[in-house]
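# Structural characterization, general
Take a look at the letters that make up each chain.
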Amino acid sequence: MSAANDQGFSTASIHAGYEPDSLYGSINTPIYASTTFAQNGLNELRGGYEYTRCGNPTITALEKTVAALEGAAFGRAFSSGMAATDVLLRIFLRPGSHLVFGHDAYGGTFRLIDQVFTQWGVEYTVVDTTDAQAVGQAVQENTALVWLETPSNPGLSITDIQAVADAVAGRAPLVVDNTFASPYLQNPLKLGAAAVLHSTTKYIGGHSDVVGGLVVTNDAKLDEDLLFYQGGTGAIPSVFDAYLTARGLKTLAVRMDRHCDNAEAIAKHLNASEKVATVLYPGLETHPGHEVAARQMRRFGAMISVRFHSEEAARAFCLNTKVIALAESLGGVESLVEHPASMTHQSVTDSVLEVPRDLVRISVGIEDIEDLISDVDAALAAIN
Ligand code: PLP
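Keep in mind that what you see is a predicted model, and the values were worked out from it rather than measured. (Residues numbered from 1 in each chain as written. Predicted model: local features only at pLDDT ≥ 70, side-chain atom pairs only at ≥ 80, totals over all residues. Heavy atoms only, no water.)

## Focus: the site of the ligand
The criterion, for reference: Definition of nearness: a residue and a molecule or strand are near each other if at least one heavy atom of the residue lies within 4 Å of the molecule or strand. Whenever a nitrogen or oxygen atom comes within 3.5 Å of another N or O atom, the pair is scored as a polar contact, on the condition that within protein one atom can donate a hydrogen and the other can accept it, and that pairs from neighbouring residues in sequence are kept only if both atoms are in side chains. Values of accessible area rely on a 1.4 Å probe in the Shrake-Rupley scheme; residue burial ignores everything except the protein chains shown.
The environment of the ligand is made up of Ser80, Gly81, Met82, Tyr106, Glu149, Asn153, Asp177, Thr179, Ser199, Thr201, Lys202 and Gly212. One of the backbone N or O atoms of Met82 is found 2.8 Å from an oxygen atom in the ligand. Within the side chain of Asn153, one N or O atom sits 2.9 Å away from an oxygen atom of the ligand. Look at the ligand: alone it shows 390 Å² of surface, and the protein chains cover 90% of it.

## With respect to the environment of Arg111
Formally: Elements are defined by DSSP. Helices are runs of H or I of four residues or more, strands are runs of E of two residues or more, and each kind is numbered from the N terminus. Here the term buried applies to any residue with accessible area under 20% of the maximum for its type, exposed to any over 50%, and partly exposed to those in between, with areas from a 1.4 Å probe on protein chains only. Should any heavy atoms of two residues lie within 4.5 Å, those residues are counted as being in contact.
Tracing the sequence through the fold places Arg111 in helix α4 (residues 107–116). Arg111 sits in the partly exposed class, given a relative accessible area of 41%. Taking the C-alpha atoms as reference points, Arg111 and Gln346, 235 residues apart in sequence, are found 10.0 Å from one another. Not counting chain neighbours up to four residues away, the residues in contact with Arg111 comprise Val116 and Ser347.

## Structural notes on the sheet that holds strand β4 (residues 98–102)
Put simply, the test is: For two strands to count as paired, DSSP must find a minimum of two bridges between them. To define axes, lines are fitted to C-alpha atoms, for helices over the stretch in contact only, and angles between the resulting N-to-C directions are given on a 0 to 180 degree scale.
Taken in spatial order, the seven strands make up an open sheet running β3-β9-β8-β7-β6-β4-β5, and their pairing is mixed. Each edge of the sheet is formed by a strand with only one pairing partner; in this case those strands are β3 (74–78) and β5 (123–127). Within the sheet, the average angular offset between the axes of one strand and its neighbour, ignoring direction, is 20°. For strand β7 (residues 174–177) and strand β8 (residues 195–199), the ladder comprises three bridges, and the chain directions are parallel. Opposite Asp177, over in β8, you have Leu197 as the bridge partner.

## Observations concerning the packing of aromatic side chains
Operational definition: Stacked, tilted and edge-to-face are the three classes assigned to paired rings of Phe, Tyr and Trp, where Trp is represented by its six-membered ring and a pair needs centres within 6.5 Å; plane angles under 30 degrees give stacked, over 60 edge-to-face, the rest tilted.
In total, this model carries seven aromatic pairs according to the counting rule given. Ring plane angle 90° and centroid distance 5.5 Å describe the contact between Phe228 and Tyr229, whose orientation is recorded as edge-to-face. We classify Phe228 as exposed; its relative accessible area is 57%. When the centroid spacing of 5.2 Å and the interplanar angle of 35° are considered together, the rings of Phe308 and Phe317 count as tilted. Considered together, Phe308 and Phe317 belong to a single accessibility category, that of buried residues. Among the aromatic residues, ring-to-ring pairing joins Phe101, Phe110 and Tyr124 into one connected group.

## Examining the pairing of strand β6 (residues 143–149)
Sheet faces and side chains relate simply in a regular strand, where the side chains alternate between the two faces. For clarity, the threshold we go by: Look down the strands so they point away from you; if the path from the first strand over the helix to the second goes clockwise, the crossover is right-handed.
Burial analysis of β6 places seven of its seven residues in the buried class, which makes it a mostly covered element. Alignment of β4 against β6, held across four bridges, turns out to be parallel. Within β6, the residue paired with Leu99 across the bridge is Leu145. Of the crossover connections in this fold, the one passing from β6 over helix α6 (residues 161–168) to the parallel β7 is right-handed.

## A closer look at the side chain of Ser199
Looking at the secondary structure, you find Ser199 in strand β8. Accessibility expressed as a relative area gives 10% for Ser199, which makes it buried. Residues in contact with Ser199, not counting those within four places in the same chain, are Gly81, Thr179, Gly212 and Gly213.

## Here we look at the pairing of β8
In terms of residue burial, β8 counts as a mostly covered element, since five of its five residues are buried. Side-chain alternation along β8 places Ala195, Leu197 and Ser199 on one buried face and Val196 and His198 on a second face that is also buried. Examined bridge by bridge, β8 and strand β9 (residues 213–217) share five bridges and lie antiparallel to one another. The residue bridging His198 from the neighbouring strand is Leu214, located in β9.

## A short note on helix α2 (residues 57–70)
The test is simple: A helix is expected to span 1.5 Å multiplied by its residue count minus one.
Here α2 contains 14 residues, and its C-alpha end-to-end distance of 20 Å stays within 8% of the 20 Å for a straight helix at 1.5 Å per residue. With 13 of 14 residues buried, α2 is to be regarded as a mostly interior element. For α2, the capping residue at the N-terminal end is Asn56, with a side-chain oxygen 2.9 Å from the backbone nitrogen of Thr58. Gly71 occupies a position one or two residues after α2 and carries a positive phi of about 70°.

This is the structure we're talking about:
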């Protein structure tokens, strides 16, 4: 896989989207901390920018880099992954519209659809997106959008993007939340998606210090709508956040390779423990989505979910790691562990998306593998 402009992925993540500026040749994109831009005459813009809610060069640079890495013509940045999700849903859905999404979608996405969009007369059907035929069958006359996540959060299920795109082609646009894979591991536009969403809070930013979202597409009309909603709703990131995100993005490839190395080792290690019921990691040959993942992903990612023999065991594991911090979120350089049923996915309790209470999610970081394995062993030993 390489970036759109035929540069390698790492080269594009460092160079695409920004040329050293003409004033001082700054190697890094300057942080244009300016709400407004001086004009030469009435509505005669100097560099194409007028007011930062409607666009800013620091934000544009980030948008262009992520678009290049996804093989997209257009990219638009948002203040968070949820702001980007909200804007996409507003663009595609109207009162009376129907939406299809996955049975283990991110809890925040489900909550937004279930608690907000249904108030405006939107209906939805939840399906197992790993079954492309079932997704095709769930599409109705009024279906305005099909939404999927692969790998999914926190079930780590793998959906064949191309198969789903084929199953719904000509009937509903497909949006893929590519947060868990990052552009380094998977490029859904090339597999038939109309748009790709990232919570850049995760691998793209990569250092757990900045919240953001981004949408890429090759559809000029959709991009026009994204631009309109970005400024029209004010869901734009701050320029400082855009800078930090772009700074993190430069090392995405090297980070992802180390994330994946560590995750592969930890998944195998957990899989060998009697204290563990099942390891959900697409890199394991026993994972039902292994073959699809091997085909559509560069590597298998660094998110692992583990099912223990009881909720008590799951909680004990979470409470007994030391290097691996007990915290929500994912995709940063540091390893994190969490109990989705009582943390990130509390909002899906008693819904069709309910997460098993014996499941623990690990975001594997880029620390030394020996330290992570010792930490995992200590936490396993604490389970009765
Ligand atoms: N999509 C996925 C798969 C996520 O895991 C998250 C957050 O955890 C989001 C979207 C929302 O992103 P943000 O927290 O940046 O709003």
